[in-house]
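Next come the chains, spelled out residue by residue.
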Amino acid sequence: MSSLRVKVDYLARVEGEGALDIRVHNGEIAELKLKIYEPPRFFEGFLVGRKYDEVPGIVSRICGICPASHQLTAIQAIEDAFGIKVSSQTRDLRKLLALSQWIQSHSLHIYMLALPDFLGYESVLTMAADHLPAVQRALKLKRLGNDLTALIGGREVHPVTATVNGFTSLPSKKDLKAIAERLEEARPDALETVKLCASLELPDFSWEAEHVALRSEEGYAINEGRLVSTEGLNIAPWEYRNHIKERHIPHSNALHSYIEGRGSFLVGPLARVNLNYERLSPGAQEAARAVGVNFPDFNPFRGIVARSLELYHSIEESLAIIDRLELAQEDTSYAVRAGQGFAITEAPRGSLYHSYKINEHGIIEKADIVSPTAHNVHNIEEDLRRFVPQVLDLSEEEATLKCETVIRNYDPCISCSAHFLKMRVVRE
Amino acid sequence: MTDKPRVAIYKMSSCAGCQLEFLNLEPVLLDVVGAVELSYFVMARRQNAPGPYDIGFVEGAITCGEEIEKLKRARQECRVLVALGSCACFGGLPSIKNWIPERVVESRVYQNLEVIESTKAYGIDEYVKVDAYLKGCPVDKGELVEFIKGALLGISPHLRPHSVCVECKLRENVCLFVSQGEPCLGAVTTAGCGALCPSRGKVCDGCRGPANDANAESLARSFTEYGLHKSDVIRKFRKFAGLTPEFSKGAEAV
């Protein structure tokens, strides 16, 4: 078949509102558009004039799935502007908060958003009838991540305790011990998840896109480090805008992120595992060996396997952090000063950039936020461009599902990314 | 076919956190999907059944003409229409932009304003009749389950009309405002969160909107007596529910 029409008006099982339109004529792609019709909410616009200490609570509302990432990135950017160095306890608690969100978000994506594609169901709701134990495992893991977020952050969606230079309240040792027991018990569930993801029959589809992730001096980077890539990028957060640019593509509503002098790039679990494999927890590396997966791997469909390894890693590293936490009340005072601050963290879906310009009264003068999905949109289209020739012989229905799966590989979070997109609502 | 009530979940301008709260009902999620049919839930399923529906939950503020049309269709196809979370109830955080000239706020984010079709951000009752309001940013899971149970039993859910202060006292918290002078909105904000923020050492941000009989003007004046600048008081009230008459009065009192 040399002609194909893929048209998905509402992308399902992704966060936010997007559509896909592909037209192939005589074997050539005539049109390929990943449309984002999520309306912009103008966070960067209305943050101007707000006070710095409101920012973590406001940016949290960019995304209901990764609120802690937006908060932590904003807080670290503000601290960078104020010249604050936080305590090791605060760094540990923040890492725990970020890891808890990886556990929640990764189990949500693996089981509820991605797996139905590979097992042949339209949703986890219908999948539950035939795969109840797997769904129950998913619910248990996701609840564990949520409970850990709530313990550290006060609430799972839009946590409240993380603040500039510390936390407004600390968890009790008793509660930490109780959740550590549950984390310990979750190891077999996480291992089962790795096995399940590694056993999936994934399309054979690889191309060497540039993979980008944070890398830190020690440990598997999540809240700090330099932004590095498989093509040699190696920059500090403050250098971000010198290297990562956005451009308006004529046939797309989206501004596309690209690396100056090169092109699109991929962020997220697969990029992180590719760049930091040897920093994964010992158990996660052992799990990878046990199921026979090797990295680096440039097949974007392997994202689900990388995500499952990070799930295991998150559980193991959370246990290590809880084990070393002393939990002392600390002095969290600091001085407000004018300046500009930058931070990059690894949200569940990949690298997240925040930057603020703050005046001497602590009022925001400029905000610049680029979410993981904003980084990925360009690369998703590049994947689709290369993938479509593989599905030309399939029925329109099957081809559509396959193309949707290419998008869901990225676990896109469209609400997060909408603010940077040129909006035009086009529904044919 | 099933005789379970058919539920639809609509997304407007939002972060998806309120609809995520359905999936965050992990311990009872399988019970919930056993009791109601989640017929239209795009974030969770690929095959979404057309209306009519018994209950429609609308998440998000209304910020463009497309959404007004979508909302009106939702109203037509749902017997009961629920505002899910503070964006749908009062415009939520996106409504902060309503006090900045539209083109100014847009130009801070975009260069080509021709393609931007954004309007002021409103709650859904600006455009359609709403049968119930589940407040909060995000919506409280306990209230969500209470509402679903009530709908199944045909009884009114017990949604709290009093202030966060009442719940805070019940939890025996030390008052952040009285004892430490921290500007807390708990006295004028609807309860139902269990005084979540003050219990964790953080002042109430007013995310659940005004409580019954809220005297925001008096609280605003107290804030200035405690040394808050006028602009800080205005920012506090023009945040999650700045369009409500009560919080408007608070912002205008100083």
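Only a predicted model underlies this, so the values are computations on that prediction, with no experimental measurement involved.

About the criteria used
Residues numbered from 1 in each chain as written. Chains lettered and ligands numbered in written order. Predicted model: local features only at pLDDT ≥ 70, side-chain atom pairs only at ≥ 80, totals over all residues. Heavy atoms only, no water. Patch = residues over 30% accessible without salt bridge, like charges linked within 9 Å, V, L, I, M, F, W, Y side chains within 5 Å. Areas by Shrake-Rupley, 256 points an atom, 1.4 Å probe, with all protein chains shown as cover. Salt bridge = Lys/Arg side-chain N within 4 Å of Asp/Glu carboxyl O. Helix = DSSP H or I, 4+ residues; strand = E, 2+ residues; numbered from the N terminus. Contact = heavy atoms within 4.5 Å. Buried area = accessible area lost by both parts, 1.4 Å probe. Polar contact = N/O pair within 3.5 Å; in protein donor to acceptor, adjacent residues only side chain to side chain. Nonpolar A, V, L, I, M, F, W, Y, C, P; charged D, E, K, R; others polar. Pairing = 2+ DSSP bridges. Axes fitted to C-alpha atoms, helices over the stretch in contact; angles between N-to-C directions. Phe/Tyr/Trp six-rings, centres within 6.5 Å; stacked < 30°, edge-to-face > 60°. Buried < 20%, exposed > 50% of the residue type's maximum accessible area, 1.4 Å probe, protein only. Expected span 1.5 Å × (residues − 1). Domains from an automatic or database assignment.

Even after reading the chapter, I still don't get a nonpolar patch on the surface, so can you show me in this structure?
A cluster of nonpolar side chains, contributed by Leu-152, Leu-153 and Ile-155 of chain B, occupies part of the molecular surface with about 310 Å² of accessible area. Relative to the assigned elements, Ile-155 of chain B resides in the loop between α6 (141-153) and α7 (164-170).

Hey, could you run me through the interface of chain A and chain B in this one?
Accessible area lost upon the coming together of the parts serves often as the stated size of an interface. Contact with chain A, which involves 72 residues of that partner, is made by 59 residues of chain B. Both sides together, the interface formed by chain A and chain B hides about 5,400 Å², and carbon and sulfur atoms give 60% of it. Looking only at chain A, the three residues that lose the most surface to chain B are Phe-42, Glu-122 and Leu-125 of chain A, adding up to 13% of its buried area. Inspection of the chain A/chain B interface yields 8 salt bridges. Put simply, Lys-142 of chain A and Glu-26 of chain B hold a salt bridge, and the shortest N to O gap is 3.0 Å. Taken together, chain A and chain B are joined by 26 residue pairs in polar contact (both at pLDDT 80 or more). Sorting the residues of the side of chain A that touches chain B by element identifies α1 (43-46), α2 (55-60), α4 (88-119), α5 (124-130), α6 (132-153) and α13 (396-408) of chain A as the ones contributing at least two each. For the side of chain A that touches chain B, the element with the highest residue contribution is α6 of chain A, accounting for 10 residues. Broken down by class, the residue content of the side of chain A that touches chain B amounts to 34 nonpolar, 18 polar and 20 charged.

Would you mind showing me how to read the sheet that holds strand β3 (residues 53-59) of chain B here?
Note on sheets: strands pair through backbone hydrogen bonds, and any given pair is parallel or antiparallel. Residue and element names in this part refer to chain B. Pairing is parallel in the open sheet, where 5 strands are placed in the order β2-β1-β3-β5-β7. Each edge of the sheet is formed by a strand with only one pairing partner; in this case those strands are β2 (37-41) and β7 (132-134). If you compare each strand with its neighbour and ignore which way they point, the axes differ by 25° on average. With respect to the sheet, α6 is in contact with β3, β5 (78-84) and β7, its orientation differing from that of β3 by roughly 160°.

How should the packing of aromatic side chains be read in this particular structure?
Each aromatic ring pair is summarised here by two numbers: the centre-to-centre distance and the angle between the ring planes. All names here are of chain B. A complete count under the given rule lists 21 aromatic pairs over all chains for this structure. Their ring planes at 75° and their centres at 5.5 Å tell us that Phe-237 and Phe-247 sit as a pair that is edge-to-face. Residue Phe-237 is found in helix α11 (residues 230-237), and its partner Phe-247 is found in helix α12 (residues 245-252); the two are separated by 10 residues along the sequence. For Phe-237, a relative accessible area of 0% corresponds to the buried category.

Got a minute to help me understand α13 of chain A in this structure?
For the α-helix, the turn length of 3.6 residues means that residues three or four positions removed from each other point alike. Relative to the 18 Å expected for 13 residues at 1.5 Å per residue, α13 of chain A spans 18 Å between its end C-alpha atoms, a close match to the ideal helical length. Of the surrounding elements, those touching the buried residues of α13 of chain A are β1 (4-8), β2 (18-25), β3 (28-36), α4 and α12 (372-387) of chain A.

Even after reading the chapter, I still don't get the domain arrangement of chain B, so can you show me in this structure?
Residues and elements named next belong to chain B. What the domain assignment reports for chain B is domain 1 (6-153) and domain 2 (164-252). Placing a centre on the C-alpha atoms of domain 1 and another on those of domain 2 gives a separation of 25 Å. At the interface, 16 residues of domain 1 touch 15 residues of domain 2. Sorting the residues of domain 1 by area buried against domain 2 places Phe-90, Trp-99 and Lys-135 first, and these three jointly supply 47% of that buried surface. One can count 1 salt bridge joining domain 1 with domain 2. Of the charged contacts in the structure, one is a salt bridge between Glu-143 and Arg-208, with a shortest N-O distance of 3.0 Å. Taken together, domain 1 and domain 2 are joined by 5 residue pairs in polar contact (both at pLDDT 80 or more). Of all elements in the fold, only α4 (86-90) and β6 (118-122) reach the threshold of two or more residues within the side of domain 1 that touches domain 2. Across the side of domain 1 that touches domain 2, the residue classes tally to 7 nonpolar, 6 polar and 3 charged.

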